[in-house]
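Listed below are the residues making up each chain.
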Amino acid sequence: MNKEEIILIVASVVGSAIAFAIPLISMLWKAFSLIADLRLQIVENRNQLVILTNKVDHFDDRWEGVSHQTNQKFDHFSTRVRGDVHQLNTQVRELQNFLSKTTNFEVRSQ
């Protein structure tokens with residue numbers, strides 16, 4: 001082999017290597033780019049998860065407060081109504097007693 005043949009062989013090997021390496025490098029570039037995009041998406045999803053978790057916690061706190069306030073209002077209303085009903089029953093009994101003593105009034109049912 002002479003010098004020119006060796007140069008042609010080396011050139012063809014280098015050309016073949018370059019021709020093989022370019023698509024390989026392109027595929028690796030796309031793969032690493034995709035990995036970087038996925039990592040960025042993971043970070044964004046984690047941040048969104050933190051935000052949503054905070055919103056859920058805030059909602060839970062608000063719901064707990066509203067629920068507590070509703071229970072307090074219901075308890076107050078129940079207590080007040082019970083007192084009013086008891087007072088009305090007492091007044092009706094007194095009125096029935098008064099009417100039965102002063103008139104011909106008779107209580108139909110008790």
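Here the structure is shown first, and the text comes after it.
Novice: I'd like a description of the overall build of the chain, backed by residues and values.
Specialist: For the chain, the helix and strand inventory stands at 1 helix and 0 strands. Taking 13 Å as the expected radius of gyration for a compact globule of 110 residues, we find that the chain reaches 45 Å, considerably beyond that expectation. Viewed in the frame of its principal axes, the chain has a C-alpha envelope of about 145 × 25 × 10 Å. Looking at the chain residue by residue over its 110 residues, the buried ones come to 1%. Element-wise, carbon and sulfur atoms account for 63% of the exposed surface of the chain, whose accessible area totals about 10,600 Å².

Novice: Which residues make up the packing of aromatic side chains, and what are the values?
Specialist: Overall, the coordinates contain 1 aromatic pair when judged by the stated rule. Measuring from centroid to centroid gives 6.4 Å for Phe59 and Trp63, while their planes differ by 20 degrees, and the two rings are stacked. Of this pair, Phe59 and Trp63 both sit in helix H1 (residues 3-102), 4 residues apart, roughly one helical turn. For Phe59, a relative accessible area of 49% corresponds to the partly exposed category.

Novice: Tell me about a nonpolar patch on the surface, residues and numbers included.
Specialist: A cluster of nonpolar side chains, contributed by Met1, Ile6, Ile9, Val10, Val13, Val14, Ile18 and Ile22, occupies part of the molecular surface with about 760 Å² of accessible area. Along the chain, Val10 falls in helix H1. We classify Val10 as partly exposed; its relative accessible area is 46%.

Thresholds, definitions, all that
- Residues numbered from 1 in each chain as written.
- Predicted model: local features only at pLDDT ≥ 70, side-chain atom pairs only at ≥ 80, totals over all residues.
- Heavy atoms only, no water.
- Helix = DSSP H or I, 4+ residues; strand = E, 2+ residues; numbered from the N terminus.
- Rg over C-alpha atoms; globule rule 2.2 N^0.38 Å.
- Buried < 20%, exposed > 50% of the residue type's maximum accessible area, 1.4 Å probe, protein only.
- Areas by Shrake-Rupley, 256 points an atom, 1.4 Å probe, with all protein chains shown as cover.
- Phe/Tyr/Trp six-rings, centres within 6.5 Å; stacked < 30°, edge-to-face > 60°.
- Patch = residues over 30% accessible without salt bridge, like charges linked within 9 Å, V, L, I, M, F, W, Y side chains within 5 Å.
- Salt bridge = Lys/Arg side-chain N within 4 Å of Asp/Glu carboxyl O.

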